[in-house]
There are 2 protein chains.
Amino acid sequence: MRQFIVLGHEAPTSPEFSLSDLAGGAGRLDVLCRCVNAGLFLSHGIREDTRVHLVLNDEYTVRFDGSTAKRLYPNERAVASRIKGALESTADAIGHQPAEVSPGVELYRMDFESTLESVARDGTIIELHEEGESLIEAEPPADPVFVLSDHQEFTDSEAAVLADTAERRLRVGPEILHADQTMTVVHNWLDTAGYRRY
Amino acid sequence: MRQFIVLGHEAPTSPEFSLSDLAGGAGRLDVLCRCVNAGLFLSHGIREDTRVHLVLNDEYTVRFDGSTAKRLYPNERAVASRIKGALESTADAIGHQPAEVSPGVELYRMDFESTLESVARDGTIIELHEEGESLIEAEPPADPVFVLSDHQEFTDSEAAVLADTAERRLRVGPEILHADQTMTVVHNWLDTAGYRRY
């Protein structure tokens, strides 16, 4: 399985945000919505072997699972609407039991560290970082879990948690890409693993 | 320079569409907006050597130029707002003279074939197609011009025009990606050209 954890530093934790102001009042939720798109969608299809975990302001984690997602569409507004729905169900997320929001979408009352620990059991944690090893020179691991930040850098405490957990550090560079663009490149890297480079 | 031509088969040709219904009433304009994002944006920067040409319903072409774009943001709504602004200026686009809409954004009264001919003078036309040569095995050309379709296939007449003009046919596969995801992979391919594959 391929998994992505994306940290939304200013993301909303209540559903009182406007779907028409995702890049403003909703704390750059547009960035996280694009990450769900990049993580799960193919042309006319969905990546069934992929999960995207959005960590909202280090308080909640919304998990999108490609194997069970239904009626999910790649545009920012549609994904944001699912996140809004998830945030209407916070009372149902108790301990590590998620609230089931819609097919393939669950809300967990879990911060970054808890989410990372939980996901780490099933895979190899990889930090995507501009100073990591070039993707092109790296062999893909089995069951990778990529950790990315939204438009902001990792905080010092996030970076410390990651440094303790991440087994590898990779970069897509030389250009620094947005989180969703990075995810698209990573998927293609995994899709074409084993191909010969010209 | 890197250029992308993206065909929007159901895209609006008048500004009377809702920014809150891009994936519905606006004829999947969300797809074209994501292509502008993938084409022009880096993390905290813009690709100054890139142009994205959106062909709207084979009637108008809106050109986004990374070297002159200003106050452009990557979210779908913001890009759609620029396209709406462009479509308010159709009366100013006469012959091949564009209407200047906002910094880096111009509207041309040009269909796909005219746009392709005009752009072909400055580069090598490449069709991105699932049956093309694998990117990984291909050497990038100088000044590539990539031609992509939105959520629909190329029509027979578009395919015929392309077959006459395209010098190469490439694929990002094995998975079939959305147009914007394909553009992100292509940029990364060009960015890392010359890197060794592990």
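From a predicted model like this one, the values you see are computed outputs, not experimental measurements. (Residues numbered from 1 in each chain as written. Chains lettered and ligands numbered in written order. Predicted model: local features only at pLDDT ≥ 70, side-chain atom pairs only at ≥ 80, totals over all residues. Heavy atoms only, no water.)

## Quick look at the overall build of chain A
- Of the regular secondary structure elements, chain A holds five helices and ten strands.
- Against the compact-globule benchmark of 16 Å for 198 residues, chain A has a radius of gyration of 16 Å, which places it among compact chains.
- Judged by the C-alpha coordinates and their principal axes, chain A covers about 50 × 40 × 30 Å.
- Here chain A, with 198 residues, has 60% of them falling under the buried criterion.
- Just so you have it, chain A exposes about 7,800 Å², and 42% of that area is on carbon and sulfur atoms.
- For chain A, the separation between the mean place of its 18 positive charges and that of its 34 negative charges on side chains is 7 Å. (Helix = DSSP H or I, 4+ residues; strand = E, 2+ residues; numbered from the N terminus. Rg over C-alpha atoms; globule rule 2.2 N^0.38 Å. Buried < 20%, exposed > 50% of the residue type's maximum accessible area, 1.4 Å probe, protein only. Areas by Shrake-Rupley, 256 points an atom, 1.4 Å probe, with all protein chains shown as cover. Lys, Arg positive; Asp, Glu negative; His and termini not counted. Charge placed at Lys NZ, Arg CZ, Asp CG, Glu CD.)

## Quick notes on the sheet that holds strand β4 (residues 50–56) of chain B
All names here are of chain B.
- Spatial ordering of the open sheet is given by β6-β7-β5-β4-β1-β9-β8-β10, a layout of eight strands whose pairing is mixed. Edge positions in the open sheet fall to β6 (99–102) and β10 (168–171), since each of these has one partner strand only. Between one strand and the next, the sheet's axes are offset by a mean angle of 30°, whatever the strand orientation.
- Where helix α1 (residues 29–40) meets the sheet, its contacts fall on β1 (2–8), β4 and β5 (60–65), and the angle it forms with β4 comes to roughly 170°. (Pairing = 2+ DSSP bridges. Axes fitted to C-alpha atoms, helices over the stretch in contact; angles between N-to-C directions. Contact = heavy atoms within 4.5 Å.)

## Notes on the packing of α1(B) against helix α2 (residues 76–87) of chain B
Residues and elements named next belong to chain B.
- Relative orientation of the contacting elements α1 and α2 amounts to 100°, with a least axis distance of 9 Å. For the element pair α1 / α2, the angle class is roughly perpendicular. Across from L29, D30, C33, R34 and V36 in α1, the residues of α2 making contact are E76, V79, A80 and I83. (Parallel < 35°, antiparallel > 145°, perpendicular 65-115°, else oblique.)

## Let's talk about a negative patch on the surface
All names here are of chain A.
- There is a patch of like negative charges on the surface, built from D58, E59, E113, E117 and D164.
- Take D58: it is sitting in the loop between β4 (50–56) and β5 (60–65).
- According to the relative accessible area criterion, D58 is partly exposed, its value standing at 42%. (Patch = residues over 30% accessible without salt bridge, like charges linked within 9 Å, V, L, I, M, F, W, Y side chains within 5 Å. Salt bridge = Lys/Arg side-chain N within 4 Å of Asp/Glu carboxyl O.)

## Thoughts on empty space enclosed by the protein
- Counted by the stated rule, this structure contains three cavities of 30 Å³ or more.
- What lines the second largest cavity is A:R34, A:N37, A:A38, A:D180, A:Q181, A:T184, B:R34, B:N37, B:A38, B:D180, B:Q181 and B:T184.
- Of all elements in the fold, only α1 (29–40) and α5 (179–191) of chain A together with α1 and α5 (179–191) of chain B reach the threshold of two or more residues within the lining of the second largest cavity.
- Each residue belonging to the lining of the second largest cavity can be placed in one class, and the counts come to two nonpolar, six polar and four charged. (1 Å grid on protein atoms, 1.4 Å probe; cavity = no way out; pocket = protein on both sides within 12 Å on 5 of 7 lines; lining within 4 Å. Points joined across faces, edges and corners; volume = space filled by probe spheres on them. Nonpolar A, V, L, I, M, F, W, Y, C, P; charged D, E, K, R; others polar.)

## Digging into the sheet that holds strand β1 (residues 2–8) of chain A
Residues and elements named next belong to chain A.
- Read from one edge of the open sheet, eight strands run β6-β7-β5-β4-β1-β9-β8-β10, paired in mixed fashion. With one partner strand each, in any of the chains shown, β6 (99–102) and β10 (168–171) form the two edges of the open sheet. Strand-to-strand twist of the sheet, defined as the mean angle between neighbouring strand axes without regard to direction, takes the value 30°.
- For β1 and strand β9 (residues 144–149), the ladder comprises five bridges, and the chain directions are parallel. Each bridged residue has a counterpart across the sheet, and for L7 the counterpart in β9 is S149.

## Details of the interface of chain B and chain A
- Facing the 45 residues of chain B at the interface are 45 residues of chain A.
- The contact between chain B and chain A buries some 4,100 Å² in all, and 52% of this surface belongs to carbon and sulfur atoms.
- If you look at where chain B meets chain A, you find zero salt bridges.
- The set of elements that each furnish at least two residues to the side of chain B that touches chain A consists of α1, β2 (41–42), α2 and α5 of chain B.
- Per-element accounting of the side of chain B that touches chain A gives the leading share, six residues, to α5(B).
- Split by residue class, the side of chain B that touches chain A holds 18 nonpolar, 14 polar and 13 charged. (Buried area = accessible area lost by both parts, 1.4 Å probe.)

## Regarding the environment of B:R121
- Secondary-structure assignment places B:R121 in the loop between α3 (112–120) and β8 (124–134).
- In sequence terms B:R121 and B:V161 are 40 residues apart; their C-alpha atoms lie 15 Å from each other.

## Here we look at unusual backbone geometry
Residues and elements named next belong to chain A.
- Following G173, the chain continues to P174 via a peptide bond in cis, the omega torsion being 15°.
- For P174, the position within the fold is in the loop between β10 and α5.
- Of note, D58 is a non-glycine position whose phi angle comes to about 60°, a positive value.

## What to know about the relation of the copies chain B and chain A
- Here chain B sits on chain A after a turn of 180° about the axis and a move of 0.0 Å along it, with an RMSD of 0.0 Å. Within this description, the copies of the chain are treated as partners about a two-fold rotation axis.
- Residue by residue, 100% of the interface of chain B is reproduced at the interface of chain A, so both copies engage with the same surface. (Least-squares fit on C-alpha atoms with pLDDT ≥ 70 in both.)

## Some remarks on the packing of helix α3 (residues 112–120) of chain A against helix α4 (residues 156–165) of chain A
All names here are of chain A.
- Closest axis-to-axis distance for the α3/α4 pair is 11 Å, and the angle between their directions is 15°. The angle between α3 and α4 places the two elements in the roughly parallel class. Like other packed secondary-structure pairs, α3 and α4 cross with a definite hand, here right-handed. Across from F112, E113, L116 and A120 in α3, the residues of α4 making contact are E158, V161, L162 and T165.
- The class makeup of the residues in the contact of α3 with α4 is five nonpolar, one polar and two charged. (Left-handed = near helix turned anticlockwise from the far one by under 90°.)

Everything listed is a geometric property; what it means functionally is a separate question.
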